[in-house]
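Next come the chains, spelled out residue by residue.
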Amino acid sequence: MRGNTGLAAIFAAGCLVLSAVPVWGEVTVDWDDLTDAQQRQAYEQLESENHMLREQLAALQGSGGSGAGTPGPGTSGTAQDGSSSTEGTAASAGAGSEGGTSPAAGTGSAEGTSAAAGTDGSQSTQIKSTETFLSDLTASFNARQEKARTHTSDELSAMDTSAMWDFRFECAEVERAFYDAYHTAQIDDLNLCYLCSEYCLGLEKQFQAKEIWDAQQDADEANRLYTAGYYNRAYALVELSEYYGLDLADEYQNLKNAVARMDSMSGEETRNSSVDPSKVTQVQELLNSLGFLCGTPDGIAGRQTASCIERFQNMYGYEPADGIIDDELITQLNDQASRR
């Protein structure tokens, strides 16, 4: 039997660690160039790294967040497809997709934003609305891509190693304001809280990469952290954009492609292979309605569906978090959906 133990700590997808693979651009690795062993190692590390995010979200939950928001499909437009090069491999300077400079990220709007005072009188926990978070995230990502376009491909090719690292860190630094505003924030929906923390964890790793580079000039370790942070950001942003239709810069497509390549490493998902397709479709529809994007309900219980089930079970405290589709899971999903 599965039991509801309250708001459990979040199971995090983790991040990619590829210390042996040189990286310059935002799309950090050509998957086909890796050996089978390297691909498997990267995938296993992606699945296993979760402790930091779990601790962060457990702390947020313990500070009083209810997770009672009601997410819904966004109306701000869909992410644009495009093959524009992104950070570290920018296309011609000034060829931005947004037609202007993005607003400053991380500031939030007055409406839907409040703060919980700490014991010392300081404002320790920011409470952000869904709308504020999505707006600030879009602005932060787009501003970063605007920065990434300030050099042409030829200019980037001419840079030495030190100059290239400086440029990449300058791009990451554009999102510092968003990180400062959101890495300890609570959002009015538990799933969004997870995705926000995942994105901020990615930024934190990229900031740590700069510290390693500045202190030690250790390109391998800086590259490991920067690449890991890239995949944290990519996974969170893809799910958010697919569900809410964020109006992101063209470079978003590169993150989406990278996530698709990483997902292809998972192998065949078989744990729900005997479940009736109509029941799978029902579960997929419920997951989507709760903000756990598992794609178009098609009755095929693949890895994305199983992963969303596991995250739902962990986030709402249902045990075991095994990704299995059964009548008990459907009851749990319906119960949470009825509370919205």
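Scroll up a little and you will see the structure.
We now turn to the structure provided with this report. (Residues numbered from 1 in each chain as written. Predicted model: local features only at pLDDT ≥ 70, side-chain atom pairs only at ≥ 80, totals over all residues. Heavy atoms only, no water.)

So, on to the packing of aromatic side chains. Under the criterion given, the structure shown has 15 aromatic pairs. Taken together through their ring pairs, the aromatic side chains of F133, F178, Y182 and Y199 make up a single cluster. The aromatic ring of Y182 is capped on one face by K128, whose charged end is 5.0 Å from the ring centroid. (Phe/Tyr/Trp six-rings, centres within 6.5 Å; stacked < 30°, edge-to-face > 60°. Lys NZ or Arg CZ within 6 Å of the ring centre and 35° of its normal.)

This part covers helix α10 (residues 277-289). Its 13 residues place the ends of α10 18 Å apart at the C-alpha level, agreeing with the 18 Å of an ideal helix rising 1.5 Å per residue. By the burial criterion, the buried members of α10 are V280, V283, Q284, L286, L287 and N288. Count one or two residues on from α10 and you reach G291, which has phi positive near 95 degrees. (Helix = DSSP H or I, 4+ residues; strand = E, 2+ residues; numbered from the N terminus. Expected span 1.5 Å × (residues − 1). Buried < 20%, exposed > 50% of the residue type's maximum accessible area, 1.4 Å probe, protein only.)

Turning our eyes to something else, we now look at the nonpolar core. Core analysis: the biggest nonpolar cluster contains 66 residues, and F133, L240, L287 and F312 have the highest contact counts within it. Of all the elements, helix α8 (residues 219-244) adds the most residues to this core, at 13 residues. Excluding its chain neighbours within four sequence positions, the residues that come into contact with L240 are F133, L134, L137, L192, L195, G245 and L246. The next biggest cluster of nonpolar side chains, apart from the first, holds 5 residues, and it includes A148, M164, F167 and C171. (Core = buried A, V, L, I, M, F, W, Y, C linked by side-chain atoms within 4.5 Å. Contact = heavy atoms within 4.5 Å.)

Within the secondary structure, G323 is located in the loop between β5 (318-319) and α12 (327-338). A relative accessible area of 0% places G323 in the buried class. In sequence terms G323 and A306 are 17 residues apart; their C-alpha atoms lie 4.8 Å from each other. Setting aside chain neighbours within four positions, we find G323 in contact with R271, N272, A306, I309, E310 and Q313.

Positionally, L240 belongs in helix α8. In the structure, L240 is positioned 53 residues away from L293 in sequence and 8.4 Å away in space, judged by C-alpha atoms.

We now examine the packing of helix α11 (residues 303-315) against α12. Here α11 crosses α12 at 65 degrees, and the two axes come no closer than 12 Å. You can see that α11 and α12 cross each other, and the crossing is left-handed. Where α11 abuts α12, its residues I309, F312 and Q313 lie against L329, Q332, L333 and Q336. Classifying every residue of the contact of α11 with α12 gives 4 nonpolar, 3 polar and no charged. (Axes fitted to C-alpha atoms, helices over the stretch in contact; angles between N-to-C directions. Left-handed = near helix turned anticlockwise from the far one by under 90°. Nonpolar A, V, L, I, M, F, W, Y, C, P; charged D, E, K, R; others polar.)

By themselves, these observations are geometric and do not establish any function.
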